[in-house]
Each structure stands twice: as C-alpha cells, then as structure tokens.
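Residues per chain are reported as follows:
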Amino acid sequence: MTTLSIDHVSRWFGNVVAVNDITMTIGPGVTGLLGPNGAGKSTLINMMGGFLAPSTGTVTLDGQPVWRNEQIYRHIGIVPEREAMYDFLTGREFVVANAELHGLGEKAAQRALATVEMEYAQDRKISTYSKGMRQRVKMASALVHDPSLLLLDEPFNGMDPRQRMQLMDLLRKMGDEGRTVLFSSHILEEVEQLARHIEVVVAGRHAASGDFRKIRRLMTDRPHRYLVRSSDDRTLAAALIADPSTAGIEVDLTEGALRIQAVDFGRFTALLPRVARDHGIRLLTVSPSDESLESVFSYLVAA
C-alpha cells in the first residue's frame, strides 16, 4: 500500500506563490486533483514526482523523500501535461527506451502498449500521432515498470470519447487493485465518475478534501438546495417556510415539486420528516439538487 504525503509544502517563483502551505495525504485508490487554471495543480504534481523542489515543506513516498531520490522512480509512473516528446521515435521505441531506463526490455514495453491499446500504431513515428495517441503512449511509458503510484496531469486531454472511457476503466481497475492513482482534470463529469476522493486547490491553497458530497454537507455557509415531491406540496411548503432553517421555497409546476433552500442543513433534515408526519404528508422524493461535483467545485472556487 503506497502513501504519498505532502507536509506543509509551499513553492514560489520569485515573488509569485504558486503553492501555499499545502498538507494532504494520497492513499490507495483513485484521487482527483481539482482546481481552476493557475491554481497550482501542475506545480504540486511536479513536486510530488520529484521534478521540482518545495521551497518549504516535504514530499515523501512511504516515508522516503521524493526530491533527489532516484530510487523512488522504481515506484512512480508519471504522465506530464506538457507535450515534449521524442517525435522522431516510433511509439514502440519510445516505450522501450523508458523500459530500458528501469532495466527492462521489449516484453515490458509490449505489455504496456497493449494495456493502453496502442499496438496498432506502435511502429508509427510519434510525430504522426494525434494528441490522444500521444497521451496513450505517454501512459504506456508510465506503466512500463508496473508502478505502485501513478501521477497523471490532465491525462484525458485530446482523447476521444472511446479513448477516455478506456483510460477511465484502466485507472478504475488500478485503483481497485490497491494502487495509488492521482490525476488532475478540468472535466468534472469524468472526475465525478472516476474518483472516490477529491483534493481541491484554489489559488495555491488547499481548499477541500474528501468525497465531494461530504464536502458539500460541511458547507454550512451556503444554502442547501433540495427538490422535494410530496402528496401535498402546498401544505408542506407553508409549514417549512415558517421555520428559520428554510430561506426560500419555489413551487416548480413543470417538475411538480418544491425547490427548497435550506440555510441550516442539520435542522432542516430533522424538520422535514417531522413536518410531513405531523401533517399526514407522504414524501415521494427528497433529492439534493446541488451535490454534484460541478456545484461543489463552483462553491469552492467562489468562496
């Protein structure tokens, strides 16, 4: 079980603070690293991978420092966002070269190329590859030595829907096997489908950590929105709006439901079933309408 620990890490470039006092632990399974452009995600991944020294703080893998520790690369596979590659090589030559750096050979390279479904183009020069194909051959080079930790910076960029689905299935499988997988992405729908855990970075700071639904429920300063259907919407609305936990209620005639804003999450969740019971109302649907990853991310970025 591989654990990556980031302890009070900061990184600045001149007067620009890219990462500011971040502490987090990345364990087995799939973790999504989220943040708007310029939030510090790539800088953080570069420090996790040992490409960049923290200005302050430490990054360790199973207790061993990552910076200036070449032995650590036996356990890390990295897919950087940048496109710098050896375009004059074929895909197979590129992956074989990476295999040889780990004391491996053609067999390991072929296995990695098969894992990302790139055998059909392995003898073409990388200069002829689409962006999605480049992403997959970078993935093969990262997997060639069977690492226990994968660091992926925007791995879905340039992939078509089928390629994205294939990569998502591969990462999900690796997480289920107990590997530690961290990937950054701006495609929130895919993060929502894939990551069991998210880490959010905003303006260089660590904004949130955990399951995004749990993060939403901890946001007590943001009204919680619910879609509620019942056997008597009007009576229910009248009873709820009288309580200070409810800030507003809209009757949605199209949906045949109530759209409720609750300003006190704990009080409202206890109030709703009690009001329904006291008035003999059947609750047909109670659904949070702002617990999607997109909503949670928007709230965090705007905070």
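Remember, predicted model here, so these are calculated numbers, not experimental data. (Residues numbered from 1 in each chain as written. Predicted model: local features only at pLDDT ≥ 70, side-chain atom pairs only at ≥ 80, totals over all residues. Heavy atoms only, no water.)

1. Quick look at the packing of helix α2 (residues 91–101) against helix α4 (residues 131–143)
- Their axes nearest at 8 Å, the elements α2 and α4 cross at an angle of 25°. Our classification of the angle between α2 and α4 gives roughly parallel. As α2 packs across α4, the resulting crossing turns out to be right-handed. Along its contact with α2, which presents G91, F94, V95 and N98, the element α4 presents V137, A140 and S141.
- In terms of residue class, the contact of α2 with α4 is made up of 4 nonpolar, 3 polar and no charged. (Axes fitted to C-alpha atoms, helices over the stretch in contact; angles between N-to-C directions. Helix = DSSP H or I, 4+ residues; strand = E, 2+ residues; numbered from the N terminus. Parallel < 35°, antiparallel > 145°, perpendicular 65-115°, else oblique. Left-handed = near helix turned anticlockwise from the far one by under 90°. Contact = heavy atoms within 4.5 Å. Nonpolar A, V, L, I, M, F, W, Y, C, P; charged D, E, K, R; others polar.)

2. Some remarks on the pairing of strand β2 (residues 16–26)
- Relative to β2, strand β1 (residues 4–13) is paired through 7 bridges, and the arrangement is antiparallel. Considered in β2, the bridge of F13 is made with V16.
- Where β1 folds back on β2, the antiparallel hairpin that results is connected by 2 residues, among which G14 adopts a positive phi of roughly 65°. (Pairing = 2+ DSSP bridges.)

3. Quick word on helix α8 (residues 233–241)
- When we look at burial in α8, the residues that qualify are D233, L236, A237, A239 and L240. The arc that holds the buried residues of α8, viewed along the axis, is 170°, so those residues lie on one side. Among the exposed residues of α8, those oriented more than 90 degrees off its buried face are R234 and A238.
- On its buried face, α8 sits against β11 (224–230), β12 (246–252), β13 (257–262), α9 (265–278) and β14 (283–288). (Buried < 20%, exposed > 50% of the residue type's maximum accessible area, 1.4 Å probe, protein only. Arc of directions from axis to C-beta.)

4. Description of the layout of surface pockets
- Reported here for the largest pocket is a volume of approximately 560 Å³.
- Of all the secondary-structure elements, those providing two or more residues to the lining of the largest pocket are β6 (76–79), α2 and α4.
- Partitioning the lining of the largest pocket into residue classes produces 11 nonpolar, 5 polar and 2 charged.
- Counted as a void, the second largest pocket has a volume near 180 Å³.
- At the level of secondary structure, the elements contributing two or more residues to the lining of the second largest pocket comprise α3 (106–115) and α5 (161–176).
- Here the element with the most residues in the lining of the second largest pocket is α3; it accounts for 4 residues. (1 Å grid on protein atoms, 1.4 Å probe; cavity = no way out; pocket = protein on both sides within 12 Å on 5 of 7 lines; lining within 4 Å. Points joined across faces, edges and corners; volume = space filled by probe spheres on them.)

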